[in-house]
Amino acid sequence: MDTIQYNLPQSRIPQAWYNILADLPKPMAPALHPGTHQPLGPDDLAPIFPMSLILQEVSTEREIEIPGEVRQIYAQWRPAPLFRARRLEKALDTPAHIYYKYEGVSPAGSHKMNTAVPQVYYNKLEGTKHISTETGAGQWGSALAMACAMFGIDCKVFMVRVSYNQKPYRRALIEAFGASISASPSMETESGRAILAQHPDSKGSLGIAISEAVEVAAKDPDTKYALGSVLNHVLLHQTVIGLEAIEQMALAGDEPDVVIACAGGGSNFAGIAMPYLGRKLKGQSNARLVAVEPAACPTLTKGKFLYDFGDTAHLTPLLRMYTLGSTFMPPGIHAGGLRYHGMGPLVSHVLDLGLIEAATVQQLDAFAAGIQFARAEGIMPAPEANHAIAHAIREALEAKAEGKPRTILFNLSGHGHFDMQSYLDYQAGKLENYEYPAEEIAMALAGLPTME
Ligand SMILES: Cc1ncc(COP(=O)(O)O)c(C=O)c1O
């Protein structure tokens, strides 16, 4: 029989997360205080994050040990399986080898559990009673709600309104795990009320939901804020994906020519790509690393690499990142987790250094790829992950056109079982492509903070 899964035993769950900052040729620009424009110190972040996560955020240690309690919880779904997509290869009639790391086996259905668990763990150690957060697609909100239930912490989720309406069962899951949830923008915060006063029909965005969640945490000493992407410590926790994949590809006896993941804030991309980038910098890999984003929200390919706010109400520090402008309101595409105006500063930095590549995919092409994948492999992907699949198929067809082999590895960041309305809409011909919203992006970029 041909091997389909290349799996590791529980004992191979990584012992440490891998921090690429230890190996980069140039350090990242620091996060700045929004008032003084001076580099942030740990104390500036203490009102909203526990100190252990703040220290991870700025750490340049190569390896950061994963606490035993976190590894024990990881053992429920890690090591995650690595599949060879043999039926997809056949359907495409390509000489390429296609592999995917499947993160949809986590209890919440995506890679987001990999960081939800350690974030709640460190909060619990430091005595946090409540955690507030935003969620786009609902994957992060449900992951955090589950982790909070495991550690006995209250959880409050602001869910982007368009997703709240599109995905009632994600909402139900979040509530089943005991979290409370509001559609964002809401009337519960000053930031939400300000947006609704100007735009009563606002569909919301991750930038607005972040403002609401940060505001709630900043106002209450017992509440901390948790972010599901973008920041260094979140990307760090996701490196278990790539560390496992490296061992699994060795089991398969293959070495990737290209590693692909979708990118919203950059966490699942960093998770699979940074361990490979570490190998590349040591001359042990030649893999191209490709972050794939929606054409409707083309942060890496059409944004600017500048200091900007992480949220719409400008409550967060200034981050040097690729951005479309913090007031940019992305179209209501179904890949809710990719509707973010910025990109993780670490992913932005390595793109700026020319160490990774970026590509875009249109909404209809993403769904077509997801359906093709599902019919071949029998797994329904999350709409976000469809972007990675679409690019993997592009690479496989290029290899076919060249008549040359190519080894493709992509991250299947989550399943789409709660996203079936979007597939119904796609099949009914109700979805559309969005052209690059040039005018709106130009307007939002014109409003970027000026740095002296
Ligand atoms: C399944 C899935 N994939 C990808 C993403 C994008 O986030 P990131 O770029 O941080 O991986 C999300 C975000 O919600 C998601 O739910």
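Rules of the game
- Residues numbered from 1 in each chain as written.
- Predicted model: local features only at pLDDT ≥ 70, side-chain atom pairs only at ≥ 80, totals over all residues.
- Heavy atoms only, no water.
- Helix = DSSP H or I, 4+ residues; strand = E, 2+ residues; numbered from the N terminus.
- Buried < 20%, exposed > 50% of the residue type's maximum accessible area, 1.4 Å probe, protein only.
- Lys, Arg positive; Asp, Glu negative; His and termini not counted.
- Salt bridge = Lys/Arg side-chain N within 4 Å of Asp/Glu carboxyl O.
- Polar contact = N/O pair within 3.5 Å; in protein donor to acceptor, adjacent residues only side chain to side chain.
- Contact = heavy atoms within 4.5 Å.
- Near = heavy atom within 4 Å.
- Areas by Shrake-Rupley, 256 points an atom, 1.4 Å probe, with all protein chains shown as cover.
- Nonpolar A, V, L, I, M, F, W, Y, C, P; charged D, E, K, R; others polar.
- Pairing = 2+ DSSP bridges.
- Axes fitted to C-alpha atoms, helices over the stretch in contact; angles between N-to-C directions.

## Here we look at the side chain of Lys224
And then number 1: Along the chain, Lys224 turns up in strand S8 (residues 223-225).
And then number 2: It is Glu126 that comes nearest to the buried, bridge-free Lys224 among opposite-charge side chains, at 6.7 Å.
And then number 3: Separated by 2.9 Å, the side chain of Lys224 and the backbone oxygen of Ala46 make a polar contact.
And then number 4: The residues touching Lys224, leaving out its near neighbours within four places in the chain, are Ala46, Pro47, Ile48, Phe49, Pro50, Asn123, Thr128, His130, Ile131, Ser132 and Ala217.

## So, the site of the ligand
And then number 1: Inspection of the region around the ligand gives 17 residues, with Ser229, Gly264, Ser267, Asn268 and Ser413 positioned closest.
And then number 2: In this structure, an oxygen atom belonging to the ligand sits 3.0 Å away from a side-chain N or O atom of His111.
And then number 3: In the model, an oxygen atom of the ligand is placed 2.8 Å from a nitrogen or oxygen of the Asn268 side chain.
And then number 4: For the ligand, whose accessible area on its own is 390 Å², the fraction buried by protein is 98%.
And then number 5: Of the residues contributing to the shell around the ligand, the split by class is four nonpolar, 11 polar and two charged.

## So, the sheet that holds strand S14 (residues 407-412)
Hydrogen bonds along the backbone pair up the strands of a sheet, which may run parallel or antiparallel.
And then number 1: Taken in spatial order, the six strands make up an open sheet running S3-S4-S14-S9-S10-S13, and their pairing is mixed. Each having just a single partner strand, strand S3 (82-84) and strand S13 (357-361) make up the two edges of the open sheet. Across the sheet, the mean angle from the axis of one strand to that of its neighbour is 25°, orientation sign disregarded.
And then number 2: One ladder, built from six bridges, connects strand S4 (residues 97-102) with S14; its direction is parallel. In the strand pairing of S14, Tyr100 is matched with Phe410.

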